[in-house]
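For reference, the chains in residue letters:
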Amino acid sequence: MSAEVEFAPSGFSAAEPPPRPAGNIAAAALRFGSLIAFAAILIIFSLTAPYFLSIGNIGNVLGQSAISGVLAIGLTIVLIAGGSNVVTGGIDLSLAANMGLSAAVYASLTQLGYGDATAIAATILTGALIGSVNAIAVVYAGIVPLLATLAVMNVVAGLELVLTGNTVLPASTPFLSALSASDPFGIPVLAYVLLGFTAITTAIVQYTPLGLRLYAVGEFPDAARAAGLPLRRLLAGAFVASGVSGGIAGILSVSYLSGSTTGAGEMLLPVVVTALLGSVFSRRLVPTITGTLLSALLVGFLVNGFQLLNISSTLVSGVQGVLILIVVSATTLLRRQEA
Amino acid sequence: MSLQTPPLASIGLPRLIAGGLVRYGLILALVAVFAAFSVATPTFLTPANLQSILVNNFTLLAIVSVAMTFAVGSGGIDLSVGTAMDFASFAFVSLVLAGQPVAVAALAGLAAGAFVGAFNALLISGIGVSPFLATLGTLFIGRSVQQLLTNGGNPVYLPPNGVPEAFRFLGHGTIAGFPVPLAAAIVVIVAAAVVFARTRFGRVILSIGIQPGVVRYSGIAAPAHVAVTFILVGLIAAIAGLILTATVTTYIPSSGNAFLLNAIGATFIGTTLSPLGRPNVGGTVLGALLLSIVANGLLLTDLNFYWQQVGTGTLIFAVLALSFINRKTAGAA
């Protein structure tokens, strides 16, 4: 099965509109525009804050983006398999809470004296379990993803509170120290973890038949069903994968913060924005893993640049909001023009 | 009717009962929860507590949920209802603090809420952005704007001796023994129910939510109706913002967002009351009542505070699962 799908010649081809150069140019402008905008932001910051483009700082941004990046990539898998309609299609609101509970599980287990191997296994299992509950609710009970994951989010956030008593659980093990260390160049290990995680998921989602099927299920469910794809299993798998990402992000956050902390839910909306923004970095304006990584880094560099320039961090959420509106408006207008 | 319709005889009594259970699951859940708390806690069934449920838990959630029902009814969703509440609240408190008459400040608050709605309307109807993304953007921008306005998120207090009588009345007054906030909620609920059931506008909105294509081809100006809907959502949320502020005599940045998820929950739980799973004001109000009773009742039990959140989430999950499983089997039959 290859990505180059040949459509059967049909009688409708004559009725197809001729290619629109104007629309293509506009689409290209938007596609490269987002990359140009990214580059422009980097240039402005590097001119105004000299330290900005140093290896150490770039590594820092990568490391700081690791947690939200892993979460956003997990969400992207659900976005791909669930389709573009956010309300009825793919979304996983339980991801941030999942990270919180997973981190709490890790920290509690180390406090009880269990080793790293047990803690890692239990944490990823926790994430996978939450993903499975979502999968069952969405795929087999048929609850709209937005609602199913909303309810699961509440339960999971509650369980985290029960487990931690809404306090910080410190944790320190050899593995966690290794994860939070930096290499001789001053680049945090977490940066490599983010790049490695991205490479693996990109390989699976963008370059295997399995990934192609996920796209098919999300974008053309009827065609996918007609082609005999196991729709339910693929969608369920996407939710489980997203849950596992939550578990991994939980481990990263325990190492980054030397323990589990409260308020993981705050991460939810930034992660949703990151995943949704990612589609502007793709050729056909669909969610992709690499696009999501770029978008996570864009947000990371923005926050970092603001910090270096001493600009109030309160502006970050406003900039994120404006970004998403500009991007989505531009996309919508372009699509309308092409239609 | 699909080809798979089973012969009548095969439906059988057990399935009819099961269907009814699910169809009236929300009402059953309400009764069950009410009965359970009455037995489990000595204080639940006291008049003082029942009034507290209505005034403290139900009022604001019901108003925000009614606003959400309009958005969901039109086929969208509004994640910025909390933002509209907050903007209304901020304008209200600031003007009262500046010595303006309460009526003027309240009108400014309503205008601020409507402004948030108009911003959404511009994005959704004007540009064609999906309501989820448009209102998500508004939520983010609103959060920054509020922090900028309040020096990074400091609450705005009214000095205890500087609270005008009319302001206090809005939050704590009574009309013939009836708390003002509750009265306001009832007015909003009844008005919304009338709009949905008796006006052309209400019918058009619901049709847009169900079959946008058909509405467009029948020559109705759907974008204009959607725009008015989202302005209305902002306006209704602003009413909740005014009442919240009047009750606590303080504006706390981004406090309105606390209602967002419960309002979405109440609205969608409410759809279980409709045989076709459509948003309706009656269902939304019962959904809000269910969430309020659960929140209040769990607080009265000896249950650990943190388990209460788990309980609420599980309950919502169960009601939703029940309803959607039913809808799927109904659709398949």
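Residues numbered from 1 in each chain as written. Chains lettered and ligands numbered in written order. Predicted model: local features only at pLDDT ≥ 70, side-chain atom pairs only at ≥ 80, totals over all residues. Heavy atoms only, no water.

As annotated in an unreviewed UniProt entry, chain B is ABC transporter permease from Rhizobium indicum. Taken verbatim from the UniProt record of chain B, the Subcellular location (unreviewed entry) comment is "Cell membrane". (UniProt positions renumbered as here; feature names shortened; annotations may be inferred.)

As annotated in an unreviewed UniProt entry, chain A carries the name ABC transporter permease and is attributed to Rhizobium indicum. Regarding chain A, the relevant UniProt record gives this comment under Subcellular location (unreviewed entry): "Cell membrane".

Chemist: Explain the overall build of chain B here, please?
Modeler: Scanning chain B from N- to C-terminus turns up 14 helices and four strands. On C-alpha atoms alone, chain B measures out to a radius of gyration of 21 Å, which is about the 20 Å that the 2.2 N^0.38 rule sets for 333 residues. Across its three principal axes, chain B shows a C-alpha extent of roughly 75 × 60 × 40 Å. Looking at the 333 residues of chain B, the share that counts as buried comes to 49%. Look at the contacts in chain B between residues 6 or more apart in sequence, and 77% of them connect residues 24 or more apart. Taken as a whole, chain B presents about 14500 Å² of accessible surface, with 72% of it coming from carbon and sulfur. Mean positive and mean negative side-chain charge positions of chain B (11 and 4 charges, respectively) differ by 25 Å. (Helix = DSSP H or I, 4+ residues; strand = E, 2+ residues; numbered from the N terminus. Rg over C-alpha atoms; globule rule 2.2 N^0.38 Å. Buried < 20%, exposed > 50% of the residue type's maximum accessible area, 1.4 Å probe, protein only. Contact = heavy atoms within 4.5 Å. Areas by Shrake-Rupley, 256 points an atom, 1.4 Å probe, with all protein chains shown as cover. Lys, Arg positive; Asp, Glu negative; His and termini not counted. Charge placed at Lys NZ, Arg CZ, Asp CG, Glu CD.)

Chemist: Please clarify how the packing of aromatic side chains should be interpreted in this entry.
Modeler: The geometry of an aromatic ring pair is captured by two quantities: the separation of the ring centres and the angle between the planes. This model, assessed by the stated rule, comprises ten aromatic pairs over all chains. Considering the side-chain rings of B:Phe37 and B:Phe44, the 5.6 Å spacing of their centres and the 40° angle between planes classify their relative orientation as tilted. Classification of B:Phe44 by relative accessible area gives buried; the value is 0%. Among the aromatic residues, those joined into a cluster by ring pairs are A:Phe38, A:Phe45, A:Phe52, A:Phe281, A:Phe301 and A:Phe306. If you follow B:Arg143 out to its NZ or CZ, it ends over the ring of B:Phe140, 5.7 Å from the centre. (Phe/Tyr/Trp six-rings, centres within 6.5 Å; stacked < 30°, edge-to-face > 60°. Lys NZ or Arg CZ within 6 Å of the ring centre and 35° of its normal.)

Chemist: It is not clear to me how the nonpolar core should be interpreted in this structure. Could you clarify?
Modeler: Generally speaking, a soluble globular protein has its nonpolar side chains buried in company with each other. Judged by nonpolar contacts, the single largest core of 178 residues is most densely connected at A:Ile143, B:Phe132, B:Leu136 and B:Ile264. It is helix α3 (residues 47–73) of chain B that provides the largest number of residues to this core, a total of 13 residues. In this structure B:Leu136 touches A:Leu269, A:Val272, A:Val273, A:Leu276, A:Ile324 and B:Leu79, once residues within four positions along its chain are discounted. In terms of nonpolar packing, the next biggest core, distinct from the first, is built from 16 residues, B:Phe90, B:Val96, B:Val163 and B:Phe167 among them. (Core = buried A, V, L, I, M, F, W, Y, C linked by side-chain atoms within 4.5 Å.)

Chemist: Would you mind showing me how to read the UniProt feature "transmembrane region" (unreviewed entry) in chain B here?
Modeler: All names here are of chain B. The feature "transmembrane region" (unreviewed entry), as given by UniProt, occupies residues 21–41, 53–72, 169–197, 226–252, 258–276, 283–300 and 306–325 in the numbering adopted here. Across residues 53–72, the secondary structure splits into 100% helix and 0% strand, with the terminal C-alpha atoms separated by 26 Å. Between the C-alpha atoms that bound residues 226–252 there is a distance of 30 Å. The span itself is 85% helix and 7% strand.

Chemist: It is not clear to me how the side chain of B:Asn120 should be interpreted in this structure. Could you clarify?
Modeler: Residues and elements named next belong to chain B. Relative to the helices and strands, Asn120 is located in helix α5 (residues 102–127). You can call Asn120 buried: its relative accessible area is 0%. Each residue touching Asn120, except ones within four places of it in the same chain, is listed here: Asp78, Ser80, Ala134, Thr135, Thr138 and Phe230.

Chemist: Any chance you could explain the environment of B:Val102 here in plain terms?
Modeler: Residues and elements named next belong to chain B. By secondary structure assignment, the location of Val102 is in helix α5. As for Val102 and Val233, which are separated by 131 residues in sequence, their C-alpha atoms are 23 Å apart. Not counting chain neighbours up to four residues away, the residues in contact with Val102 comprise Phe92, Pro164, Ala166 and Phe167.

Chemist: Even after reading the chapter, I still don't get the interface of chain A and chain B, so can you show me in this structure?
Modeler: When the parts come together, some accessible area is lost, and that loss is often what is quoted as the size of the interface. Taken together, the contact between chain A and chain B spans 48 residues of the former and 37 residues of the latter. For the pair chain A and chain B, the summed buried area comes to about 3500 Å², and 78% of that belongs to carbon and sulfur atoms. The largest share of the area that chain A buries against chain B comes from A:Leu147, A:Thr314 and A:Leu325, three residues that together contribute 16% of it. The interface formed by chain A and chain B includes zero salt bridges. Along the contact surface separating chain A from chain B lie four residue pairs in polar contact (both at pLDDT 80 or more). Sorting elements by how many residues they give to the side of chain A that touches chain B places helix α14 (residues 314–338) of chain A first, with 15 residues. Considering only residue class, the side of chain A that touches chain B consists of 34 nonpolar, twelve polar and two charged. (Buried area = accessible area lost by both parts, 1.4 Å probe. Salt bridge = Lys/Arg side-chain N within 4 Å of Asp/Glu carboxyl O. Polar contact = N/O pair within 3.5 Å; in protein donor to acceptor, adjacent residues only side chain to side chain. Nonpolar A, V, L, I, M, F, W, Y, C, P; charged D, E, K, R; others polar.)

Chemist: Sorry if this is basic, but what is going on with the side chain of A:Thr292 here?
Modeler: All names here are of chain A. Here Thr292 shows up in helix α13 (residues 289–308). Looking at Thr292, the relative accessible area reads 0%, which means it is buried. Of note is the side chain of Thr292, whose polar atom sits 2.7 Å from the side chain of Thr76.

Chemist: Explanation requested: the environment of B:Tyr157 in the structure shown.
Modeler: Residue and element names in this part refer to chain B. Examined against the element boundaries, Tyr157 turns out to sit in strand β1 (residues 156–157). On the basis of relative accessibility, which here comes to 56%, the residue Tyr157 falls in the exposed class. Through-space distance from the C-alpha of Tyr157 to that of Tyr251 is 6.5 Å; in sequence the pair is 94 residues apart. Not counting chain neighbours up to four residues away, the residues in contact with Tyr157 comprise Leu97, Thr249 and Thr250.

Chemist: Would you mind going over the environment of B:Ala184 with me for this structure?
Modeler: Residue and element names in this part refer to chain B. Within the secondary structure, Ala184 sits in helix α8 (residues 180–198). Overall, Ala184 belongs to the partly exposed group, its relative accessible area being 22%. Sequence separation between Ala184 and Thr46 is 138 residues; the distance between their C-alpha atoms is 24 Å.

Chemist: Is there a simple way to explain the packing of helix α4 (residues 81–97) of chain B against helix α11 (residues 222–248) of chain B in this structure?
Modeler: Two measures define how a pair of helices packs: the angle their axes make with one another and the distance between the axes. All names here are of chain B. Two numbers describe how α4 lies on α11: the axes approach to 7 Å, and their chain directions differ by 50°. The angle between the axes of α4 and α11 places the two elements in the oblique class. The two elements α4 and α11 cross, and the hand of that crossing is right-handed. Side by side, α4 and α11 meet where Val81, Ala84, Met85, Ala88, Ser89, Phe92 and Val93 of the first sit next to Val233, Gly234, Ala237, Ala238, Ala240, Gly241, Leu242, Leu244 and Thr245 of the second. (Axes fitted to C-alpha atoms, helices over the stretch in contact; angles between N-to-C directions. Parallel < 35°, antiparallel > 145°, perpendicular 65-115°, else oblique. Left-handed = near helix turned anticlockwise from the far one by under 90°.)

Chemist: For this particular structure, what's the right way to read the confidence of the model for chain B?
Modeler: Close inspection of predicted coordinates is inappropriate in any region flagged by low pLDDT. Residue and element names in this part refer to chain B. For chain B, per-residue confidence averages 86 on the pLDDT scale, and 91% of positions sit at 70 or higher. Every residue in residues 1–9 is under pLDDT 50, and counting partners more than four places away or in other chains gives six contacts. Complex prediction metrics read pTM 0.82 and ipTM 0.77. (pLDDT = per-residue confidence, 0-100.)

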